[in-house]
Structures are given as C-alpha cells and as structure tokens.
Amino acid sequence: MPLILIGFLLFVAGGDKVLPGSLGQASTHTRLAINNVFIGLFPSWRPKTNPYARTEKQLRETEEKK
C-alpha cells in the first residue's frame, strides 16, 4: 500500500516531465483535477464588514482638520 501511494504521488508530482506522451498528459490532468478539488473546498472568503472603515474615517477626519 505505501508503494502505491508513493507511486501515485510521484506520478502526479512529476509525471508530465518524465513520462512520454499521453502518460505525461494524464499526469498533468490528474494534478489539475486535484488542484481544482482543493480550490473548490475553500471558496473565497469576504468579510461582511469593512475592517478598515474606522481607520479610513479617522484619516479623513485628521486630513479635514489640517
């Protein structure tokens, strides 16, 4: 089992550089598919509030006093 896992990791990590033709392309497609799965697990997070609003407000007030 560990040898199969190591072989799969090597195939995904560098198969497109070492393996010829369609095997290299299969490695590339596998890596892209795995990347897309992991990217899909963590959608872009946007805060509901503006974390810099207080600072920006204070800067505006300071500039107006000058």
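Scoring rules and cut-offs
Note on numbering: residues in each chain are counted from 1, in written sequence order. In keeping with the predicted nature of the model, local features appear solely for residues at pLDDT of at least 70, side-chain atom pairs appear and are counted solely at 80 or more, and the whole-chain, interface and lining totals rest on all residues. To obtain the side-chain values, all non-hydrogen atoms of the structure were included, while hydrogens and water were left out. Strands here are runs of E lasting at least two residues and helices are runs of H or I lasting at least four, both read from the DSSP assignment and numbered beginning at the N terminus. For the radius of gyration, the atoms used are the C-alpha atoms, and the globule rule reads 2.2 Å times the number of residues raised to 0.38. Buried, partly exposed and exposed residues are distinguished by accessible area as a fraction of the type maximum, computed with a 1.4 Å probe on protein chains only: under 20%, between the cut-offs, and over 50%, respectively. Reported accessibility uses the Shrake-Rupley method at a 1.4 Å probe radius. Residues are deemed covered only where the shown protein chains occlude them. Counting rule for charge: Lys and Arg are taken as positive, Asp and Glu as negative, and neither His nor the chain ends is counted. Positions of charges follow a simple convention, taking NZ of Lys, CZ of Arg, CG of Asp or CD of Glu. Per-residue confidence from the predictor is given as pLDDT, running between 0 and 100. One axis is fitted to the seven residues ending at the residue and one to the seven starting there. The bend at that residue is the angle between these axes. In what follows, residue pairs with any heavy atoms lying within 4.5 Å of each other are defined as contacts. For every element, the axis is a line fit to its C-alpha atoms; helices are fit only across the contacting stretch, and the angle between N-to-C directions ranges from 0 to 180 degrees. In this scheme, roughly parallel covers angles under 35 degrees and roughly antiparallel covers those over 145, while 65 to 115 is roughly perpendicular and the rest are oblique. Gly counts as polar in this scheme, as do all residues outside two lists: the nonpolar Ala, Val, Leu, Ile, Met, Phe, Trp, Tyr, Cys and Pro, and the charged Asp, Glu, Lys and Arg.

Colleague: Account for the overall build of the chain, with residues named and values stated.
Modeller: Within the chain, the secondary structure is distributed over 3 helices and 0 strands. The C-alpha atoms of the chain give 24 Å as radius of gyration, which overshoots the globular expectation for 66 residues (11 Å, by more than 25%). A burial count over the chain gives 8% of its 66 residues as buried. Here the chain has roughly 6300 Å² of accessible surface; of this, 66% comes from carbon and sulfur atoms. Within the chain, one finds 9 positive and 5 negative side-chain charges whose respective centroids are separated by 7 Å.

Colleague: Tell me about the confidence of the model for the chain, and name the residues and values.
Modeller: Considering every residue of the chain, the mean pLDDT works out to 85; 98% of them sit at 70 or more. The least confident element of the chain, judged by mean pLDDT, is helix H1 (residues 2–18) at 85; the most confident is helix H3 (residues 53–65) at 90.

Colleague: Residues and numbers for H1, please.
Modeller: At Val12, H1 shows its largest kink, close to 55 degrees. Within H1, the full set of buried residues consists of Val12, Gly14 and Gly15. Buried residues along H1 sit against helix H2 (21–41).

Colleague: Before we move on, could you go through the packing of H1 against H2 and cite the residues and values that matter?
Modeller: Closest axis-to-axis distance for the H1/H2 pair is 7 Å, and the angle between their directions is 110 degrees. The angle between the axes of H1 and H2 places the two elements in the roughly perpendicular class. When H1 is examined against H2, the residues Phe8, Phe11, Val12, Ala13, Gly15 and Asp16 are found in contact with a partner set consisting of Leu23, Gly24, Ala26, Ser27, Thr28, Thr30, Arg31 and Ile34. Split by residue class, the contact of H1 with H2 holds 7 nonpolar, 5 polar and 2 charged.

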